[in-house]
Amino acid sequence: MDKKKTKINTPQTVTSYINGEWVEPKKSTHQLPIIHPANEAEVSILYEADAKEVKTAAKAAKKTFESGLWSKASVDDRKAVLLAIRDLILENQEEIAELEVMNTGVPIAQVCGRQIPRSAMNFEFFAEFISQASSPVFDQNPDYITYVRREPVGVAGLIAPWNAPMALATMKVAGAIAFGNSCVLKPSELTPLGFIPFMNLLSKAGLPDGVVNMVNGRGGVTGAAMTQEEDIDLIAFTGGTETGRLIASEAGKTLKKTVTELGGKSANIIFSDADFERALDAALVAIFSNNGQQCLAGSRILVEKPIAKEFKKRFVERVHNLKIGDPYDKNTEIGPLISRNQNERVASFADAAEQSKNTNILCGGKRPKAFEKGYYFEPTVVESSDNQSAICQEEIFGPFATILEFEGIEEALQITNDSKFGLVSYVWSTDVRKIMKAQADIRAGVVWVNTPLMRELRAPFGGYKNSGIGRDGGEWSRNLFTEEKTVSIPLKDFPIAKLGER
Ligand code: NAD
């Protein structure tokens, strides 16, 4: 990393944050290096929380919850704290962004332009939501009034991935605490750094100690301990599909409420009547932003035959021009992948594409020669004639676009739905009937029509099929983070059977 481009001091140790205090690092604790993916340098050391430490964090969260200090605080008080957290994220955005880039290798322009503002917005959104939310009253029966109370569930276990660490984790933290829960957050073991300034700003914002606790460590150790922990009442998980399966089955043993937001292999359908230039720009954004490491990537680009040749030519020309480089450089468009493992995984799909007779690499497919160090991978475009091939069915999670041709809407929809995933989808057309058919028949949680990446926080977000169970966003986050209690009160005395009276 070019030191001149960053102003921050990287925290040398990462530990748990429990009840408003950092746990002291102990030599005997299992340690993991934190690596900057652009130069493979070890920048910090993570001291892993074991099951005992997870229990301590869960107990702290439970104690705070039961104290009522936060769980029974007025909505106005909670709203004020959430808005103060928003302000402090924005005040500290430079430090948080630089640590995120250090961890993820995502270009700074994207972290500052999208992810940190979104992290702040998550708190603003839930602050506004709780101040407006209401619950139903049932007064149809003239003898009773029955109404529904929404109460926090208790201790929320929040397990987050590495691809957009703050933006995704803060959606969960903001939702959990807005409704009065306490929580234990576990960021990915690859990307804990940005959470250090974040945890420090929570108490400055007026959040009582113990409401948000953080544990750090590997999924199989720290994460597994969370899913087994009796004092954690629910799990909100974002990550890979296989992990989601494991977590849901583990969490089932202690009957935790569970929401899983998982992987995707989303189709980006471009009809020949689409606005070609806009569809082209958006197709590049949908697959190459965040270094291609995003669940909602438009990774299968389906192009209608009459425009396919021209689209591929123009798409590849633009990909050749993408600026790959130091993620701290404001002009960089593609940085390194998160880790050596991820780099090897992406390379293995390029190798498979090279071997297959149904696929043809149009550009990329290798580690770029210009970088001696770092987990860089060339932005890659592959055309395929077989939607069953691995590059069309598996989530690659890298700067890797697959282009398929189709003839007519029926074939487009058949290819789109021929996937075990169903997270998002993109449709490009100027024909309203085509759009209406596509949005109805696509089996995915989100359909974006003539736009890339529109995340409306008021609306539900989540997947069909292997892309997850449950949704988040406004009302749907409220469903996850609250219990509903039905209260009935009679409005007059009525006869009650006198059992046991002779
Ligand atoms: P991952 O599943 O490897 O890890 C996610 C989190 O789960 C990490 O914190 C990890 O430590 C933890 N974990 C791993 N094993 C665990 C276990 N047995 N018990 C408890 N916790 C465990 O995913 P990742 O590689 O960090 O992230 C990439 C994946 O996340 C991709 O598949 C991507 O599509 C998905 N994702 C989905 C969404 C969405 O909203 N649907 C958003 C972003 C990323």
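See the structure printed just above.
Figured I'd write up the structure that's included with this text. Keep in mind that what you see is a predicted model, and the values were worked out from it rather than measured. (Residues numbered from 1 in each chain as written. Predicted model: local features only at pLDDT ≥ 70, side-chain atom pairs only at ≥ 80, totals over all residues. Heavy atoms only, no water.)

The next subject is the overall build of the protein. Helix and strand content of the protein: 15 helices and 23 strands. Over its C-alpha atoms the protein spans a radius of gyration of 24 Å, differing by no more than 12% from the 23 Å that the globule rule assigns to 502 residues. Each principal axis of the C-alpha distribution contributes one length, and for the protein these read about 90 × 60 × 40 Å. A burial count over the protein gives 56% of its 502 residues as buried. In the protein, the proportion of contacts linking residues at least 24 apart, taken out of those at least 6 apart, comes to 75%. Here the protein holds 59 positive side-chain charges and 64 negative ones, and the gap between their average locations is 2 Å. (Helix = DSSP H or I, 4+ residues; strand = E, 2+ residues; numbered from the N terminus. Rg over C-alpha atoms; globule rule 2.2 N^0.38 Å. Buried < 20%, exposed > 50% of the residue type's maximum accessible area, 1.4 Å probe, protein only. Contact = heavy atoms within 4.5 Å. Lys, Arg positive; Asp, Glu negative; His and termini not counted. Charge placed at Lys NZ, Arg CZ, Asp CG, Glu CD.)

Below, the discussion takes up the packing of aromatic side chains. Taken as a whole and judged by the stated rule, the model has 15 aromatic pairs. With 5.5 Å between their ring centres and 20° between their planes, Phe311 and Phe315 make a pair best called stacked. A residue pair is termed a helical-turn pair when its members lie 3 or 4 positions apart in one helix, as Phe311 and Phe315 do in helix α10 (residues 305-321) at four residues. When its relative accessible area of 0% is taken as the criterion, Phe315 is described as buried. Members of the aromatic cluster, each reached through a chain of ring pairs, are Phe125, Phe126, Phe129 and Phe179. (Phe/Tyr/Trp six-rings, centres within 6.5 Å; stacked < 30°, edge-to-face > 60°.)

Glancing now at the side chain of Asp231. Along the chain, Asp231 turns up in the loop between α7 (219-228) and β11 (234-238). There is a polar contact of 2.7 Å between the side chain of Asp231 and the side chain of Lys59. Setting aside anything within four residues of it in sequence, one finds Asp231 in contact with Ala58, Lys59, Lys62 and Val155. (Polar contact = N/O pair within 3.5 Å; in protein donor to acceptor, adjacent residues only side chain to side chain.)

Every buried residue belonging to helix α15 (residues 474-481) is among Gly474, Ser477, Arg478, Leu480 and Phe481, and all of these are buried. For α15, the buried positions fall inside an angular range of 160° around the axis, keeping them on one side. (Arc of directions from axis to C-beta.)

With that out of the way, let us pick up the sheet that holds strand β7 (residues 144-152). If you walk across this open sheet you meet the three strands as β6-β7-β23, and the pairing is antiparallel. With one partner strand each, in any of the chains shown, β6 (137-138) and β23 (482-490) form the two edges of the open sheet. Here β7 runs beside β23; their pairing, made up of nine bridges, is antiparallel. Residue pairing for β23: Arg150 is matched across the bridge by Glu484. Along the sheet face, α15 touches β7 and β23 and points at about 85° away from the line of β7. (Pairing = 2+ DSSP bridges. Axes fitted to C-alpha atoms, helices over the stretch in contact; angles between N-to-C directions.)

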